[in-house]
Amino acid sequence: MPLANFEPEELKFFSEFLPCGIDEAGRGPYAGPLSVGMVSFAPDILEKIYAGQILKGLNDSKKLSESKRESLFQEIQETAHRVAHAFLSHTYIDRYGINRAVLEGILKCYRKGSQAPIESTGRKLLLLIDGNYNFSKYKESEEVKRQSYYYKKGDSRIASIAAASIIAKVKRDRFMKAIASKFPGYGFEGHKGYGSAGHEEAIRNLGLARIHRRSFTKKFHASDPSHQSDR
């Protein structure tokens, strides 16, 4: 089982804030939504995670098997202080771009988390975000600009970000499995919309489905008008 050597970043913020890990799943697929997760743990729970007493094997969701992600998903739901999630549709991604979709997902999670009761200390949420995004060109980023930190490869360094990556990944995988029957022949239940060889062959044979991101599949419909129709 892969193990992560987590940095105790969350603990140093608790005197002023409620630190929350943020991560996404589904930046690169040809089809389906972007999925963004947010998770916050209480200090005593974090200490148990660091000690390997709970959430054993917690790590970047991409480094875990599907069965391990599913078991950790349930345990995160049971032990986390806060969990929030948001989907951004394929049509939103096509209209505004993937980076704008990531920001909107972060904002949706932040707003959902802020609606939950805050302790008597009145501490605000602090977002610990996986990646090195620069959202400065979006005016909406001002809402969380002063309340966020970014961590390169944070999903294998920060416990709450790793947990958020699992929430995002499991939610998205479940969604893609659920819609597979609506779009037979594409194999969404297997590749989850990513650009596998089988998925590309299905697109060439069947054309693009409604769930496909047009901005990610230009190589299929730019040269062949028949691939512009939906199923």
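Keep in mind the model is a prediction, meaning the values are calculated, not measured.

### Topic: the side chain of Ser148
Right, so step 1: Tracing the backbone shows Ser148 in strand E5 (residues 148-151).
Right, so step 2: A polar contact is formed between the side chain of Ser148 and the backbone oxygen of Val144, at a distance of 3.0 Å.
Right, so step 3: If near-sequence neighbours (up to four positions away) are discounted, Ser148 is found in contact with Leu126, Leu127 and Ile129.

### Regarding the sheet that holds strand E4 (residues 124-130)
Two modes of strand pairing occur in sheets, parallel and antiparallel, and in both the strands are linked by backbone hydrogen bonds.
Right, so step 1: The 5 strands lie next to each other as E3-E2-E1-E4-E5, forming an open sheet whose pairing is mixed. Each end of this open sheet is capped by a strand with a single partner; those strands are strand E3 (82-88) and E5. Adjacent strand axes in the sheet meet at a mean angle of 20° when their direction is disregarded.
Right, so step 2: Here 7 bridges tie strand E2 (residues 34-40) to E3, and the two strands are oriented antiparallel to one another. Within the sheet, the bridge partner assigned to Ser40 lies in E3 and is Arg82.
Right, so step 3: The sheet strands contacting helix H5 (residues 159-179) are strand E1 (17-25), E2, E3, E4 and E5, and the helix crosses E1 at an angle near 40°.

### With respect to the UniProt feature "binding site: a divalent metal cation" (unreviewed entry) in the protein chain
Right, so step 1: The UniProt record marks Asp23, Glu24 and Asp130 with the feature "binding site: a divalent metal cation" (unreviewed entry), using the residue numbering of this structure. Over a stretch of 108 residues, the named residues converge on one spot in the fold, their C-alpha atoms separated by at most 8.1 Å.
Right, so step 2: Relative to the helices and strands, Asp23 resides in strand E1.
Right, so step 3: According to the relative accessible area criterion, Asp23 is buried, its value standing at 5%.
Right, so step 4: Those residues in contact with Asp23, other than ones at most four positions away along the chain, are Ser35, Val36, Gly37, Asp130, Asp155, Ile161, Ala164, Ser165 and Ala168.
Right, so step 5: Along the chain, Glu24 falls in strand E1.
Right, so step 6: Those residues in contact with Glu24 that sit more than four places away from it in its chain are Leu34, Ser35, Val36, Tyr133 and Ala168.
Right, so step 7: Here the side chain of Glu24 touches Tyr133 through a polar contact of 3.5 Å, side chain to side chain.

### Re the packing of aromatic side chains
Right, so step 1: All chains considered together, the criterion is met by 8 aromatic pairs.
Right, so step 2: Their ring planes at 80° and their centres at 6.1 Å tell us that Phe183 and Phe188 sit as a pair that is edge-to-face.
Right, so step 3: Among the aromatic side chains, those forming a connected cluster through ring pairs are Tyr133, Phe135 and Tyr150.
Right, so step 4: Its end group placed over the ring of Tyr138, Arg100 keeps NZ or CZ at 5.7 Å from the ring centre.
Right, so step 5: The ring of Phe73 is capped by Arg174, whose NZ or CZ atom sits 4.4 Å from the centre of that ring.

Reading guide: rules and limits
Residues numbered from 1 in each chain as written. Predicted model: local features only at pLDDT ≥ 70, side-chain atom pairs only at ≥ 80, totals over all residues. Heavy atoms only, no water. Helix = DSSP H or I, 4+ residues; strand = E, 2+ residues; numbered from the N terminus. Polar contact = N/O pair within 3.5 Å; in protein donor to acceptor, adjacent residues only side chain to side chain. Contact = heavy atoms within 4.5 Å. Pairing = 2+ DSSP bridges. Axes fitted to C-alpha atoms, helices over the stretch in contact; angles between N-to-C directions. UniProt positions renumbered as here; feature names shortened; annotations may be inferred. Buried < 20%, exposed > 50% of the residue type's maximum accessible area, 1.4 Å probe, protein only. Phe/Tyr/Trp six-rings, centres within 6.5 Å; stacked < 30°, edge-to-face > 60°. Lys NZ or Arg CZ within 6 Å of the ring centre and 35° of its normal.

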